[in-house]
Amino acid sequence: MLSNSGSEGPSAVEYIQHHLKNNDVAIGDGGFWVINIDTMLFSWFTAGILMYFAYTIGKSLNAEKPGTGQNVLEAIVEFVQQQIRDIFPGTNPVVGPLALTIFMWVFLMNAMDLVPVDLLPEIGQLVGIHYMKVVPTTDLSTTFALALSVFALIIYYNIKVKGFVGYIKMFLFHPFGKFLIPVNIVMTTIEEIAKPISLGLRLFGNMFAGELIFLLIALLGGASMLGLLPQIVLGSAWAIFHILVITLQAFIFMLLTIVYLAMAHQDDSEAH
Amino acid sequence: MSITATLIGQMLTFAVLVWFINKTLWGPMTKMLADRKEKIADGLAMAERAQHEHELAQKDAVKHIKEAKAEAAKIIAQAQKRSLEIIEDAKVDAKEEGERLIKSAEATIELEKEQAKEELRHKVVDISIAAASRIIKKEVDADTHGAILKDVVGQI
């Protein structure tokens with residue numbers, strides 16, 4: 001089924017590989033200095049949209065007569081506030097904007113998934129750009145940038161709340177008490193490191209797999225005229241389902257961030 | 001996955017974005033939401049207070065109306081009592097006046113009766129004298145027959 005569709009077009013494997021490769025530009029001899037232009041571009045594009053709406057709506061807030069945009073953002077902000085209120089102990093000036101930004105930015109970056117898979121790359125081809133991955137969250141650099149930022153905040157708040165000694169104690173005496181210190185160190189380290197990895201990989205995996213399925217569905221129509229109808233039906237169905245997935249993934253990322261930061265704020269050294 | 005400039009770039013982008021969203025959206029909007037919540041709570045409290053005051057005023061009004069009604073009833077009762085008194089007084093006065101009138105009328109009648117009697121007596125005396133003198137053809141001397149005349153007059 002995924003056979004070569006003709007001498008002029010690329011094979012299915014080539015097509016998929018082409019679509020899933022970042023447009024990476026190496027500065028100098030590569031290594032660290034690799035910049036994924038497409039990822040940066042589209043994440044900045046979505047960040048720009050976000051900043052535009054945040055700025056224009058934040059500037060013209062009206063408590064009596066909220067406009068449509070303000071209503072939408074109010075709903076989102078109150079939703080995030082409610083999540084934080086339910087989970088987070090005490091108050092923290094960072095966690096609110098952090099959670100809101102994660103939710104909206106990840107949602108917008110995920111939403112690039114819903115743009116037809118070939119549309120932007122084809123336009124890119126026309127102006128001479130050969131590789132383009134339009135969904136920034138299908139790039140590990142993006143998801144881990146978010147996850148590691150959150151991880152840094154987790155460590156920061158752990159030390160701030162528990163104190164440096166308290167943080168070390170957490171590694172020594174959790175979860176099995178003081179008689180199994182070596183085991184505790186291993187367990188807690190794995191537990192802590194799993195947080196950013198699970199955050200980053202979950203988002204990446206979901207979005208990457210979603211994009212891959214879009215590509216496979218797109219191949220149906222490319223294979224023959226017969227595949228056109230299934231492509232439309234399946235593509236629509238998957239896109240509709242994906243609306244749920246992108247929202248859910250953005251929400252999960254936000255929620256886990258709040259949960260991890262809430263755990264970092266729990267000073268349970270007095271309990272032991 | 002390797003650590004690349006893209007990762008660092010995305011982290012910086014993220015940091016800037018969080019800062020920007022906090023500055024332009026989260027900060028002002030949470031403040032606005034809190035203000036609005038407070039305003040709504042104030043408004044509701046005020047409405048409740050107004051309702052309470054309204055109830056109190058209503059109760060007060062009912063009380064006033066009741067008092068006024070009681071006062072009015074009292075005044076009417078007093079007036080009725082007073083009118084009865086006046087009527088009683090008037091009755092008593094009328095009775096007295098009537099009795100007085102009757103008495104004076106009786107007195108007048110008595111007086112007139114006495115006068116008539118007196119007149120009649122004199123007339124009878126005159127007639128008797130005339131008759132007697134005609135009978136005895138002789139003038140009856142009042143001095144000599146005084147005793148007889150007195151006796152006659154006394155019998156009339």
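Since the model is a prediction, treat every value here as computed from it, not as a measurement.

Asks: Is there a simple way to explain the overall build of chain B in this structure?
Replies: Secondary structure assignment for chain B yields two helices and zero strands. Here the C-alpha radius of gyration of chain B, 61 Å, is well above what a compact globule of 156 residues would show, namely 15 Å. Relative to its 156 residues, chain B shows a buried fraction of 15%. Of the roughly 12500 Å² that chain B leaves accessible, carbon and sulfur atoms contribute 63%.

Asks: How should I be thinking about the interface of chain A and chain B in this particular structure?
Replies: In many reports, interface size means the accessible area that the parts give up when they come together. Counting from both sides, the interface comprises 48 residues of chain A and, opposite them, 29 residues of chain B. Interface of chain A and chain B: buried area, both sides summed, is about 3300 Å²; carbon and sulfur atoms make up 77% of it. Our count for the chain A to chain B interface comes out at two salt bridges. In this structure, R36 of chain B engages E74 of chain A in a salt bridge whose closest nitrogen and oxygen atoms are separated by 2.4 Å.

Asks: Please clarify how the packing of aromatic side chains should be interpreted in this entry.
Replies: Each pair of aromatic rings is reported with the distance of its centres and the angle of its planes. Residues and elements named next belong to chain A. Across all of its chains, the model carries nine aromatic pairs over all chains by this definition. Ring plane angle 50° and centroid distance 6.0 Å describe the contact between F79 and F103, whose orientation is recorded as tilted. Residue F79 is found in helix α3 (residues 68–87), and its partner F103 is found in helix α4 (residues 95–111); the two are separated by 24 residues along the sequence. Measuring from ring centre to ring centre gives 5.2 Å for F204 and F208, while their planes differ by 35°; the resulting arrangement is tilted. Residue F204 and its partner F208 are both found in helix α7 (residues 181–223); the two are separated by four residues, about one turn of the helix. Exposure remark for F204: the relative accessible area of 17% places this residue in the buried category.

Asks: Explain α4 of chain A here, please?
Replies: An α-helical segment advances 3.6 residues per turn. Residues three or four places apart therefore align on the same side. With 17 residues, α4 of chain A should cover 24 Å at 1.5 Å per step; its first-to-last C-alpha distance of 24 Å lies within 8% of that length. Counting buried residues along α4 of chain A, 14 of its 17 residues qualify, which places the element largely inside the surrounding structure.

Asks: Where do I start with the nonpolar core in this structure?
Replies: As a rule of thumb, nonpolar side chains are buried together in soluble globular proteins. The biggest cluster of nonpolar side chains holds 53 residues, and the ones touching the most others in it are L100 and M104 of chain A. Going through the elements one at a time, α2 (37–59), α3, α4, α6 (140–173), α7 and α8 (228–265) of chain A together with α1 (5–136) of chain B are the ones with two or more residues in this core. Ignoring anything within four residues of it in the chain, the contact list for M104 of chain A reads L50, L73 and I76 of chain A together with I21 and L25 of chain B. One finds V117, L215, A218 and L219 of chain A within the second-largest nonpolar core, a separate group that totals eleven residues.

Asks: Would you take a moment to explain the pattern of salt bridges for this structure?
Replies: Side chains that differ in charge, positive against negative, can pair when their charged atoms come close. With the rule as written, the count across this model stands at nine salt bridges over all chains. We note a salt bridge from K39 of chain B to E64 of chain A, for which the minimum N-O separation is 2.4 Å. Placement of K39 of chain B in helix α1 and of E64 of chain A in the loop between α2 and α3 is noted, with the two residues assigned to different chains. For K39 of chain B, a relative accessible area of 52% gives the class exposed. Of the charged contacts in the structure, one is a salt bridge between E97 of chain B and R100 of chain B, with a shortest N-O distance of 2.8 Å. Here E97 of chain B pairs with R100 of chain B, and both are found in helix α1, just three residues apart, close to one helical turn. The class of R100 of chain B is partly exposed, set by a relative accessible area of 48%.

Asks: Got a minute to help me understand a negative patch on the surface in this structure?
Replies: All names here are of chain B. A surface patch of like charges, here negative, comprises D89, D93, E96 and E99. Looking at where E99 falls in the secondary structure, it is placed in helix α1. Judged by relative accessible area, E99 falls into the partly exposed class, the value being 45%.

Asks: I tried to follow the confidence of the model for chain A on my own but got confused; where do I start?
Replies: Note: predicted coordinates in regions of low pLDDT should not be interpreted at a detailed level. Summing up the model confidence of chain A, the mean pLDDT is 82 and the portion of residues at 70 or higher is 92%. Considering only residues more than four positions removed or in separate chains, one finds that residues 1–8 of chain A, a stretch of pLDDT under 50, has ten contacts.

Asks: Sorry, what's going on with the confidence of the model for chain B here?
Replies: Summarising the model, chain B shows a mean pLDDT of 88, and 93% of its residues fall at 70 or more. Prediction confidence for the complex, expressed as pTM and ipTM, is 0.72 and 0.81 respectively.

The rules we used
Residues numbered from 1 in each chain as written. Chains lettered and ligands numbered in written order. Predicted model: local features only at pLDDT ≥ 70, side-chain atom pairs only at ≥ 80, totals over all residues. Heavy atoms only, no water. Helix = DSSP H or I, 4+ residues; strand = E, 2+ residues; numbered from the N terminus. Rg over C-alpha atoms; globule rule 2.2 N^0.38 Å. Buried < 20%, exposed > 50% of the residue type's maximum accessible area, 1.4 Å probe, protein only. Areas by Shrake-Rupley, 256 points an atom, 1.4 Å probe, with all protein chains shown as cover. Contact = heavy atoms within 4.5 Å. Buried area = accessible area lost by both parts, 1.4 Å probe. Salt bridge = Lys/Arg side-chain N within 4 Å of Asp/Glu carboxyl O. Phe/Tyr/Trp six-rings, centres within 6.5 Å; stacked < 30°, edge-to-face > 60°. Expected span 1.5 Å × (residues − 1). Core = buried A, V, L, I, M, F, W, Y, C linked by side-chain atoms within 4.5 Å. Patch = residues over 30% accessible without salt bridge, like charges linked within 9 Å, V, L, I, M, F, W, Y side chains within 5 Å. Lys, Arg positive; Asp, Glu negative; His and termini not counted. Charge placed at Lys NZ, Arg CZ, Asp CG, Glu CD. pLDDT = per-residue confidence, 0-100.

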